[in-house]
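# Topology and contacts: notes
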Amino acid sequence: MVRVFQKVLPNSFQRRINMNKKWRVCVIGAGVIGLSTAVNIVENIPDAKVTVIAEKMTPNTTSDGAAGIWLPPNALNDHELGTDVNRIRKWCIETREHLGNLCRSSEAGNAGVQLLTGYHLFKTKNDSNEHMYDTELFPRYNLLSEDQSKPYSEYKYGSHFTTYLAECRRYLPWLMNRFLRHGGVLQEGKIKSLEELIGKFDIVITCVGVGAKSLLGDESMVAVRGQLIKVSAPWMKNFVRTFSSSEDASDMYIYPGVDVVSLGGTYQVNNCDEENDQGDIDRISKNVAEVVPALKNVKPLFCWTGIRPCRKNGVRLELDMVEYGKDKLPVIHNYGHGSFGIIVHWGCALEATDLVRKCLSQLRLTSRL
């Protein structure tokens with residue numbers, strides 16, 4: 001009976017049904033890139049039914065372990081995000097506005113977002129890494145001269161500034177709950193081929209991190225191992241990060257969050273080992289204690305290791321049309337953010353959402369013909 005009824009529908013009524021259609025949108029990946037993208041789509045495109053499919057959900061994603069400090073890169077310098085200066089700066093500014101609005105809202109505590117002030121320290125001028133950051137974007141920034149007082153006397157040079165920190169073990173669950181409140185759907189599972197999604201979804205967004213190599217055949221992906229220690233040290237109110245020559249292994253960082261303090265870190269290229277390494281733990285603990293002795297005997301709450309999804313060609317954020325025989329699937333890629341995920345996530349999510357909106361406009365037009 002359904003088939004007969006559909007055959008006799010007036011064209012105008014059939015078009016009205018198409019106009020009220022819920023478009024099936026799938027986001028692959030539930031890290032900070034995937035969840036922020038899903039939130040923006042579900043909140044800003046009313047006729048989209050959004051499903052997030054991921055092999056790992058919070059608290060087990062790579063994003064969950066990140067320190068979450070907002071350090072915008074100087075887009076003119078060499079970094080992991082790519083070479084499009086204006087685009088990268090736009091992502092950073094939009095993410096800063098989002099974190100700033102959230103920090104000033106009643107949701108700040110639940111989301112784990114806070115303003116944080118602290119120091120970058122270096123023993124010589126040549127050790128400075130300040131040229132790598134877009135210092136104009138920080139809420140407040142001061143480069144300290146040699147004769148200015150600094151809290152750690154062995155470091156003659158440094159900067160003192162204020163920025164944002166999103167403690168990801170709060171922020172990701174907050175994003176997930178926001179997504180679910182707006183009707184989003186979560187599905188745990190691994191997608192081995194985009195062909196699995198043909199006929200099930202109208203648009204797919206890939207926020208798959210290092211998984212882009214196996215799922216999409218992207219050979220430009222580079223695994224960069226990171227490891228840090230999470231401790232309870234509520235007296236630590238300011239962040240501290242030190243910089244030295246590349247031959248010196250004494251660099252460290254201390255980033256206080258809402259619940260825990262992150263001590264780090266490591267940056268090991270082409271290392272996919274997700275097991276905690278005792279050598280790294282000992283090195284981080286030693287370096288931290290030498291700068292801040294108050295942390296010498298603090299017991300770790302837990303240690304965390306994750307693989308940063310770096311990409312030789314920078315972030316891939318674009319619309320693609322994947323074909324399997326006669327079947328076509330619109331795919332929007334949003335991956336390859338490396339260690340800058342938290343720094344650009346909201347700006348990238350906004351751009352991905354705009355691509356979804358444009359793609360759906362074309363699909364709506366096609367469905368009415």
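Report on the accompanying structure. (Residues numbered from 1 in each chain as written. Predicted model: local features only at pLDDT ≥ 70, side-chain atom pairs only at ≥ 80, totals over all residues. Heavy atoms only, no water.)

## Section: helix H8 (residues 278-291)
Note the cut-off: Only DSSP runs of H or I reaching four residues or more are called helices, and only runs of E reaching two or more are called strands; each is numbered from the N terminus. Here, expected helix span is obtained from the residue count minus one, scaled by 1.5 Å. The classification of residues rests on relative accessible area computed with a 1.4 Å probe and restricted to protein chains. Under 20% of the type maximum is buried, over 50% is exposed, and intermediate values are partly exposed. Should any heavy atoms of two residues lie within 4.5 Å, those residues are counted as being in contact. We call two N or O atoms a polar contact when they sit within 3.5 Å, provided that within protein one can donate a hydrogen and the other can accept it, with sequence-adjacent residues counted only if both atoms are side-chain atoms.
With 14 residues, H8 ought to run about 20 Å at 1.5 Å a step, and its terminal C-alpha atoms sit 20 Å apart, in line with that. Within H8, the full set of buried residues consists of Asp280, Ile281, Ile284, Asn287, Val288, Ala289 and Val291. Structurally, H8 contributes buried residues whose contacts are with strand S8 (221-231), strand S9 (239-243), strand S10 (253-256), strand S11 (261-264), strand S12 (268-269) and strand S13 (300-311). For H8, the side-chain oxygen to backbone nitrogen distance between the N-cap and glycine 279 is 3.0 Å, and the N-cap itself is aspartate 277.

## Overview of the packing of helix H3 (residues 32-44) against helix H6 (residues 168-181)
Going by this rule: In this analysis an axis means a line fitted to C-alpha atoms, helices contributing only their contacting stretch, and an angle means the value between N-to-C directions, from 0 to 180 degrees. In these notes the angle categories are as follows: under 35 degrees is roughly parallel, over 145 is roughly antiparallel, 65 to 115 is roughly perpendicular, and the rest is oblique. Crossing handedness is defined as follows: a turn of the near helix away from the far one that is anticlockwise and smaller than a right angle gives a left-handed crossing, while the clockwise case is right-handed. Ten residue types, Ala, Val, Leu, Ile, Met, Phe, Trp, Tyr, Cys and Pro, are classed as nonpolar, four, Asp, Glu, Lys and Arg, as charged, and the remainder, Gly among them, as polar.
At a minimum axis separation of 9 Å, H3 and H6 run at an interaxial angle of 25 degrees. With respect to H6, the axis of H3 lies roughly parallel. As for how H3 packs across H6, the hand of that crossing is left-handed. Each of Val32, Leu35, Ser36, Ala38, Val39, Val42 and Glu43 in H3 lies in contact with H6, whose residues at this interface are Tyr171, Leu172, Leu175, Met176, Arg178 and Phe179. Partitioning the contact of H3 with H6 into residue classes produces 10 nonpolar, one polar and two charged.

## Some words on a negative patch on the surface
As a reminder of what qualifies: Here a patch means residues that are over 30% exposed by relative accessible area and free of salt bridges, tied together within 9 Å if like-charged and within 5 Å if nonpolar (Val, Leu, Ile, Met, Phe, Trp, Tyr). The accessible surface values rely on the Shrake-Rupley method and a 1.4 Å probe; as for residues, cover is taken only from the protein chains in view. One speaks of a salt bridge when a side-chain nitrogen belonging to Lys or Arg is within 4 Å of a carboxyl oxygen belonging to Asp or Glu. When charges are counted, Lys and Arg contribute as positive and Asp and Glu as negative, whereas His and the chain ends are disregarded. The atom standing in for a charge is NZ when the residue is Lys, CZ when it is Arg, CG when it is Asp and CD when it is Glu.
A grouping of Asp273, Glu275, Asp277 and Asp282 is seen on the molecular surface, where their side chains present a negatively charged patch. Looking at the element boundaries, aspartate 282 is found in helix H8.

## Looking at the packing of aromatic side chains
The description of two aromatic rings rests on the distance between their centres and on the angle between their planes. Put simply, the test is: Centre distance within 6.5 Å is the pairing criterion for rings of Phe, Tyr and Trp, where only the six-membered ring of Trp is used; planes under 30 degrees apart are then read as stacked, over 60 as edge-to-face, and the remainder as tilted. Criterion for a charge above a ring: Arg CZ or Lys NZ at most 6 Å from the ring centre, at most 35 degrees from the ring normal.
One pass over the full model with this rule turns up eight aromatic pairs. Considering the side-chain rings of phenylalanine 239 and tyrosine 255, the 6.0 Å spacing of their centres and the 55 degrees angle between planes classify their relative orientation as tilted. Note that phenylalanine 239 is positioned in strand S9 and tyrosine 255 in strand S10, a separation of 16 residues in sequence. Tyrosine 255 sits in the buried class, given a relative accessible area of 3%. We note lysine 123 situated over the ring of tyrosine 155; from NZ or CZ to the ring centre the distance is 5.5 Å.

## Things to note about the side chain of histidine 333
With respect to the helices, strands and loops of the structure, histidine 333 is situated in strand S15 (residues 327-335). A distance of 3.5 Å separates a polar atom in the side chain of histidine 333 from a polar atom in the side chain of arginine 316. Dropping the residues within four chain positions of it, histidine 333 is found in contact with Thr206, Leu216, Arg316, Leu317, Glu318 and Asp320.

## Structural notes on the sheet that holds strand S7 (residues 203-206)
Selection rule: Here, any two strands with at least 2 DSSP bridges between them count as paired.
A sheet is described by the order of its strands in space; here six strands give the open sequence S6-S2-S1-S7-S15-S14, paired in mixed fashion. The open sheet terminates on both sides in strands that have one partner only, identified here as strand S6 (185-188) and strand S14 (316-324). This sheet shows a mean twist of 25 degrees between the axes of neighbouring strands, independent of strand direction. Summarising the sheet, strand S2 (residues 48-54) and S6 pair through four bridges and their orientation is parallel. Residue pairing for S6: threonine 51 is matched across the bridge by valine 185. With respect to the sheet, H3 is in contact with strand S1 (23-28), S2, S7 and S15, its orientation differing from that of S2 by roughly 170 degrees. Relative to S6, H6 is tilted by about 120 degrees, and along the sheet it contacts S2 and S6.

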